[in-house]
Amino acid sequence: MNLIAWMIVACEIGFWVAILAGMTARYVFNKKRLGLFFLALTPVIDAALLIVTASDLINGAVATQAHAIAAIYLGVSVAFGKSMIHWADERFLYYVKRQGSKPQKKTGYAHARHSMKGSLQHVLAYLIGGSFLAGLIYYIGDNARTEALQQMLKLWTLILGIDLLISASYFIWPKPEKAKKTE
């Protein structure tokens, strides 16, 4: 694995460590400001990945799939970051602190709306990460060095289209509620 691939792994681990540290500080030790500090580290982690990836390519590296995945990671982290923190927050409260109600799985049109919201976040992630990819492709200006970025952008476009179609399908065929077991 190259430097960028290791950086992606380190950033993903760092992201979840920061989230867990924030939740622990917030709910176990009742240190709200310290918890906020750890949660605020997540954009710093993204910035580090952005800087390392751009620097590597600007300094002459041939783009790899890891460089493209770094851009996707950046877009996904920015677009989904707040909702991922909310998701972790809900589960930490319920499963660790034993507070609040159990997070419920959505069905029917509530599931369809939730899925479409996720797809729209995916569009935002695509706009952010795709802009970063397009900017690097334009800045480098060498098709041979940026072929991996171009291919990943095409693949991501296809995946985004499929995601939107699946989310739209839930409005036509809503996810049914599971039948409750009777004893």
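**A closer look at the overall build of the chain**
Then step 1. The helix and strand inventory of the chain stands at 5 helices and 0 strands.
Then step 2. Helices (α) and strands (β) of the chain occur, in sequence order from the N terminus, as α-α-α-α-α.
Then step 3. Taken along its principal axes, the extent of the C-alpha atoms in the chain is 65 × 45 × 25 Å.
Then step 4. In the chain, the proportion of contacts linking residues at least 24 apart, taken out of those at least 6 apart, comes to 74%.
Then step 5. Summed over all atoms, the accessible surface of the chain reaches about 11500 Å², with 66% contributed by carbon and sulfur.
Then step 6. Looking at charge distribution, the chain has the averaged site of its 19 positive side-chain charges lying 12 Å from that of its 10 negative ones.

**A look at the packing of aromatic side chains**
Then step 1. Inspection of every chain in the model, using the stated rule, returns 5 aromatic pairs.
Then step 2. Considering the side-chain rings of F37 and F38, the 5.5 Å spacing of their centres and the 65 degrees angle between planes classify their relative orientation as edge-to-face.

**Quick word on the nonpolar core**
Then step 1. Counting residues in each nonpolar core, the largest one holds 21 residues, and the members touching the most others are L57, F132, L133, L149 and W156.
Then step 2. Here this core gets 7 residues from one element, more than from any other, and that element is helix α4 (residues 108-140).
Then step 3. Leave out the neighbours within four places in its chain, and L133 touches A68, A71, L149, L153 and W156.
Then step 4. Core analysis: the next-biggest nonpolar cluster, separate from the first, contains 19 residues, M7, I8, I45 and F92 among them.

**A closer look at unusual backbone geometry**
Then step 1. Positive phi, normally seen in glycine, also occurs at N30, with a value near 55 degrees.
Then step 2. Although it is not a glycine, R98 adopts a positive phi angle of roughly 60 degrees.
Then step 3. Inspection of the secondary structure assignment puts R98 in the loop between α3 (65-96) and α4.
Then step 4. On the accessibility criterion, R98 (64% relative accessible area) is exposed.

**Regarding the confidence of the model for the chain**
Then step 1. Scored by pLDDT, the chain comes out at a mean of 89, with 97% of its residues at no less than 70.
Then step 2. Mean pLDDT per element in the chain: α3 is the minimum at 87, and helix α5 (residues 143-172) is the maximum at 95.

**Considering the packing of helix α2 (residues 32-58) against α3**
Then step 1. Two elements in contact, α2 and α3, have axes separated by 10 Å at closest approach and are oriented at 170 degrees. By the angle between their axes, α2 is roughly antiparallel relative to α3. The two elements α2 and α3 cross, and the hand of that crossing is left-handed. Residues L39, T42, I45, D46, L49, L50, T53, D56 and L57 of α2 touch α3, and the partners they reach there are H67, A70, Y73, L74, S77, V78 and I85.
Then step 2. Considering only residue class, the contact of α2 with α3 consists of 10 nonpolar, 4 polar and 2 charged.

**Some words on the pattern of salt bridges**
Pairs may arise between side chains of opposite charge once their charged atoms sit close together.
Then step 1. Within this structure, the stated rule accounts for 2 salt bridges.
Then step 2. Between D89 and R26 there is a salt bridge whose closest N-O contact spans 3.6 Å. Taken together, the positions of D89 in helix α3 and R26 in helix α1 (residues 3-28) put the pair 63 residues apart, joining distant regions of the chain. Residues D89 and R26 agree in their burial class; the two are buried.

**Quick look at the packing of α2 against α4**
Then step 1. Close contact between α2 and α4 brings their axes to 11 Å; oriented N to C, the two are set at 25 degrees. The angle between α2 and α4 places the two elements in the roughly parallel class. Between α2 and α4 lies a crossing of right-handed hand. Of α4, the residues touching α2 (which contributes L50, T53, A54, L57 and I58) are F132, L136, Y139 and I140.

So, how was this worked out
- Residues numbered from 1 in each chain as written.
- Predicted model: local features only at pLDDT ≥ 70, side-chain atom pairs only at ≥ 80, totals over all residues.
- Heavy atoms only, no water.
- Helix = DSSP H or I, 4+ residues; strand = E, 2+ residues; numbered from the N terminus.
- Contact = heavy atoms within 4.5 Å.
- Areas by Shrake-Rupley, 256 points an atom, 1.4 Å probe, with all protein chains shown as cover.
- Lys, Arg positive; Asp, Glu negative; His and termini not counted.
- Charge placed at Lys NZ, Arg CZ, Asp CG, Glu CD.
- Phe/Tyr/Trp six-rings, centres within 6.5 Å; stacked < 30°, edge-to-face > 60°.
- Core = buried A, V, L, I, M, F, W, Y, C linked by side-chain atoms within 4.5 Å.
- Buried < 20%, exposed > 50% of the residue type's maximum accessible area, 1.4 Å probe, protein only.
- pLDDT = per-residue confidence, 0-100.
- Axes fitted to C-alpha atoms, helices over the stretch in contact; angles between N-to-C directions.
- Parallel < 35°, antiparallel > 145°, perpendicular 65-115°, else oblique.
- Left-handed = near helix turned anticlockwise from the far one by under 90°.
- Nonpolar A, V, L, I, M, F, W, Y, C, P; charged D, E, K, R; others polar.
- Salt bridge = Lys/Arg side-chain N within 4 Å of Asp/Glu carboxyl O.

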